[in-house]
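# Fold and contact review
The chain contents come next:
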2 protein chains.
Amino acid sequence: QSSSGFDHKDTEPSRPKRVMIIGGDGYCGWATALHLSKQNYEVAIVDSLVRRLFDHQLGLESLTPISSIHNRVRRWKSLTDKTIELFVGDICDFEFLSETFKSFEPDSVVHFGEQRSAPYSMIDRSRAVFTQNNNVIGTLNVLFAIKEYREDCHLVKLGTMGEYGTPNIDIEEGYITINHNGRTDTLPYPKQGSSFYHLSKVHDSNNIAFTCKAWGIRATDLNQGVVYGVTTDETEMHEELCNRFDYDGVFGTALNRFCVQAAVGHPLTVYGKGGQTRGYLDIRDTVQCVELAIANPAQPGEFRVFNQFTEQFSVNELASLVTKVGKKLGLDVKTTSVPNPRVEAEEHYYNAKHTKLVELGLKPHLLSDSLLDSVLNNAIRFKDRVDTKQIMPSVSWKKIGVKPKTVSAYSNN
Amino acid sequence: QSSSGFDHKDTEPSRPKRVMIIGGDGYCGWATALHLSKQNYEVAIVDSLVRRLFDHQLGLESLTPISSIHNRVRRWKSLTDKTIELFVGDICDFEFLSETFKSFEPDSVVHFGEQRSAPYSMIDRSRAVFTQNNNVIGTLNVLFAIKEYREDCHLVKLGTMGEYGTPNIDIEEGYITINHNGRTDTLPYPKQGSSFYHLSKVHDSNNIAFTCKAWGIRATDLNQGVVYGVTTDETEMHEELCNRFDYDGVFGTALNRFCVQAAVGHPLTVYGKGGQTRGYLDIRDTVQCVELAIANPAQPGEFRVFNQFTEQFSVNELASLVTKVGKKLGLDVKTTSVPNPRVEAEEHYYNAKHTKLVELGLKPHLLSDSLLDSVLNNAIRFKDRVDTKQIMPSVSWKKIGVKPKTVSAYSNN
Ligand SMILES: NC(=O)c1ccc[n+]([C@@H]2O[C@H](COP(=O)([O-])OP(=O)(O)OC[C@H]3O[C@@H](n4cnc5c(N)ncnc54)[C@H](O)[C@@H]3O)[C@@H](O)[C@H]2O)c1
Ligand SMILES: NC(=O)c1ccc[n+]([C@@H]2O[C@H](COP(=O)([O-])OP(=O)(O)OC[C@H]3O[C@@H](n4cnc5c(N)ncnc54)[C@H](O)[C@@H]3O)[C@@H](O)[C@H]2O)c1
């Protein structure tokens, strides 16, 4: 696998494959950029850094101290002698995006670069509009750039398992064969997004599928589950390479949040009945899945969909796991049910297929006591950095209004 | 039916229902505004008039001479003594939209106000982006305005049958019951938009469905077929009330275009094999369907979907019909197959349900020789206004590029 960044075509001299990581300063993107660089891919990061701006505006901070992207790539160079090219700009600006394509000439584009928080998209009207505009137009621009400048480039796009909602039938990987009134067709699996963020991903998927058909774009849609964990082999190499770890009510995701809550003695915040079941994966599997997708590209015109997660858990199951492992570490972990700020089913059927990445070779890191242990220990290590005011959910699906919502530095909401 | 604009609740004095028509200066919207005003609804038109700007920019003109919206509503007042309020502005501007809601206080909003041409959305990158931005953000704003200012207001949103694409199974009205691996659920019918325009409607439908669930919005999505015809009872009352009639390759729709082609002796332009089958309806049924939807509103939280068309035809069938009726009028109508500028199936199964509006009382005007006769005669009447350079398709699904495409006044393309 160590040579997977090289192309071994018979006729051409082997040259490293070039991967553009849009959103490469973020949680999944940064870990992926380092991993692929390590695997001898030529890597460029494209990021507007807008996520750092959201944190400033909402008064949030990563649990882990993170360096600037400039220091991150410099440190990587000094440690490994590998260069990660950096293009700072907004992919909604097509002129900027065109320049990155012309200059870097990617063979694959991994597109993580979206506003990715469901609660953020439900804060107020302007953030709802921002989310859909940023994500949908950004992705359209990427599609146009591929068509215009790098026709053969493989798009690996991050979607989310949340696009499917919680149907009462098994969730398939992107498509479902339907028998209806004596006839049969295989059609896009019905989507039911449950926030303006999730919906933006549904819109993206529909747009990408169309361009595969109309223009012959080759694309892989990774419907990713909820990612947990903080370290990967590469981010562990130096503190300046440390990844972000969100625990707040806006950007923090389920398991990561619980670990921090346990570390600071805050009761685990289970929304409503806690029966919400979702797919989860370790961040070390995120980087592995992306590498597998790149190494086995979709065909021209193919819109390929993988469900990218390794295990299903309900929120209550996660709370029990964290409680159990917390006890071993001497933490007294309590659980509290908070009124669900979201509109979602709290008890439902859930069975989602996730075999395609395994068929390509994914070796899952399943959630184990030792992993939970290390995430919990990481949270304990940085617990003085926790701002407990950011723990409770502050965004309500039903109360979203049209006035810009300002965030007070002194209150919960 | 003449009193249907009044609310006859037991307790309240009857007051006319207030209907806001977004896009009320357009083809469907103008006919609907007059019809509802005639039926004693209080009507307001909200329109940015951007469609008139597109025509200027692309050098296109309605076959029929149309008056300014200001003269239109003044003429209506002088003929009927009925006032149609006019708000000129862009619904993507939320401040403007808020003012219209606060001032007019609609009971229903009929939303026609989108960029509605598939070819327009495929001219170049910036028009693709404009289409999705204009349509998706405009609709999001309407949803937010309803939630904030008129919670109980019924949204009647124009979608298109094109959202479904051409699946190999029967098309249902919005939802389909799927049996899969021994379990059953009724889910949103899978969508396969085939242009950035059609996709914008798919995005809208998904966004609206979510707000019905999350906020209790009441909405009816009218998946409309291709509209033909030019006159309605009200637009016939005076030449200043005349509706627009598009025949060009960008905004003209199938049957209307054929009538104009026949009138000027241009061969009917069948794209590819001509087996493309779609649902069609008379513009007099558009206004009837919208009235039925308003008079029988969706319940709070309900996302109701109607397939709004009355008959299915293939392009070849339409060509034969126009040829036959043309002959009776002494026209020598030829047909030519032009390379299909679109990416679409040219021979396919098509069977779409359309019973819900009939159950509410729709009495269809089926396509008859006499209607075709009158549309053809209308085309003949204005044939000196036809710009034959606008007849051939000039926009290619595959050739769309990133450079702004300027339209030359002297050439076909
Ligand atoms: N973290 C999860 O649990 C999870 C789960 C499922 C899917 N995903 C998806 O994976 C992707 C990455 O998620 P993440 O957790 O790393 O998010 P993140 O917020 O940490 O990173 C996203 C990055 O994209 C950048 N970005 C946003 N809009 C941009 C634009 N218009 N131009 C350039 N850069 C832009 C941000 O600055 C940020 O660095 C997202 O698309 C997300 O939806 C994440
Ligand atoms: N004409 C058809 O055959 C047909 C078929 C199916 C569906 N539809 C749908 O019906 C609706 C009306 O179609 P039409 O043929 O009357 O189109 P049209 O172009 O004649 O009218 C649309 C009107 O909306 C206005 N508009 C567009 N964007 C706006 C914005 N952001 N703010 C305010 N006003 C805006 C335009 O100025 C125009 O007057 C559209 O949504 C269309 O998609 C039409």
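Provided above is the structure to which this section pertains.
The structure contained in this document is the topic of the report that follows. (Residues numbered from 1 in each chain as written. Chains lettered and ligands numbered in written order. Predicted model: local features only at pLDDT ≥ 70, side-chain atom pairs only at ≥ 80, totals over all residues. Heavy atoms only, no water.)

### Re the relation of the copies chain B and chain A
In plain terms, the rule: To line up the copies, we fit them by least squares on C-alpha atoms, keeping just the residues with pLDDT of at least 70 in both. Contacts: residue pairs with any heavy atoms within 4.5 Å of one another.
You can overlay chain B on chain A at an RMSD of 0.0 Å; the transform is a turn of 180° with a shift of 0.0 Å along its axis. Both chain copies can therefore be described as sitting about a two-fold axis. Comparing interface residues between copies, 100% of those in chain B also sit at the interface in chain A, which points to an isologous, same-surface contact.

### Section: the site of ligand 2
All names here are of chain B. Note the following rule: Any residue with a heavy atom positioned within 4 Å of a molecule or strand is treated as near that molecule or strand. In protein, a polar contact means a hydrogen-donor-capable atom and an acceptor-capable atom, both N or O and within 3.5 Å, with residues adjacent in sequence counting only if both atoms are side-chain atoms; elsewhere, any N or O pair within 3.5 Å suffices. Where accessible areas are quoted, they stem from the Shrake-Rupley method and a 1.4 Å probe; at the residue level, only the protein chains shown are allowed to cover. Starting at the N terminus, helices and strands are each numbered in turn, a helix being any DSSP run of H or I of at least four residues and a strand any DSSP run of E of at least two.
Around ligand 2 sit 28 residues, and of these Cys28, Asp47, Arg116, Tyr197 and Lys201 come closest. Interatomic distance of 2.7 Å between a side-chain N/O atom of Tyr197 and an oxygen atom of ligand 2. In isolation ligand 2 exposes 830 Å². Once the protein is present, 97% of that is buried. For the shell around ligand 2, the elements supplying multiple residues, two or more each, are helix H1 (27–38), helix H2 (50–58), strand E5 (154–160), helix H7 (196–215) and strand E9 (226–228).

### Details of the sheet that holds strand E8 (residues 218–224) of chain A
Across a sheet, strands are paired by hydrogen bonds formed along the backbone, either parallel or antiparallel in direction. Residue and element names in this part refer to chain A. The cut-off we apply is this: DSSP bridges decide pairing: two strands pair if at least two such bridges lie between them. Angular values range over 0 to 180 degrees, each being the angle between N-to-C directions of two axes fitted as lines to C-alpha atoms, with helices fitted over their stretch in contact.
In spatial order, the strands read E3-E2-E1-E4-E5-E8-E12; together these 7 strands make up an open sheet with parallel pairing. The open sheet has two edge strands with one neighbour each: strand E3 (84–88) and strand E12 (303–308). Neighbouring strand axes in the sheet, compared pairwise and without regard to direction, differ in orientation by 20° on average. In this sheet, E12 lies alongside E8 in parallel orientation, the contact comprising 6 bridges. In the sheet register, Leu222 faces E12, and the bridge partner there is Phe306.

### Some points on helix H12 (residues 369–381) of chain B
Residue and element names in this part refer to chain B. Where we set the bar: To estimate how far a helix should reach, multiply one less than its number of residues by 1.5 Å. Residue burial is assigned from relative accessible area. The probe radius is 1.4 Å, only protein chains are included, and a residue is buried under 20% of its type maximum, exposed over 50%, and partly exposed in between.
For H12, spanning 13 residues, the distance from its first C-alpha to its last is 18 Å, which sits close to the expected 18 Å at 1.5 Å a residue. Every buried residue of H12 is accounted for by Leu371, Leu372, Asp373, Val375, Leu376, Asn378 and Ala379. Looking at the buried side of H12, the elements it contacts are E9, helix H8 (254–264), strand E11 (277–282), helix H9 (283–295) and helix H10 (315–328).

### Focus: the site of ligand 1
All names here are of chain A. Taken together, 28 residues are adjacent to ligand 1, and Asp47, Arg116, Asn134, Tyr197 and Lys201 come closest. Take Arg116: an N or O atom from its side chain is 2.6 Å from an oxygen atom of ligand 1. Take Lys201: an N or O atom from its side chain is 2.6 Å from an oxygen atom of ligand 1. Across the complex, the protein chains shield 97% of the 820 Å² of accessible surface that ligand 1 would expose by itself. When residues of the shell around ligand 1 are traced back to their parent elements, those giving at least two are helix H1 (27–38), helix H2 (50–58), strand E5 (154–160), helix H7 (196–215) and strand E9 (226–228).

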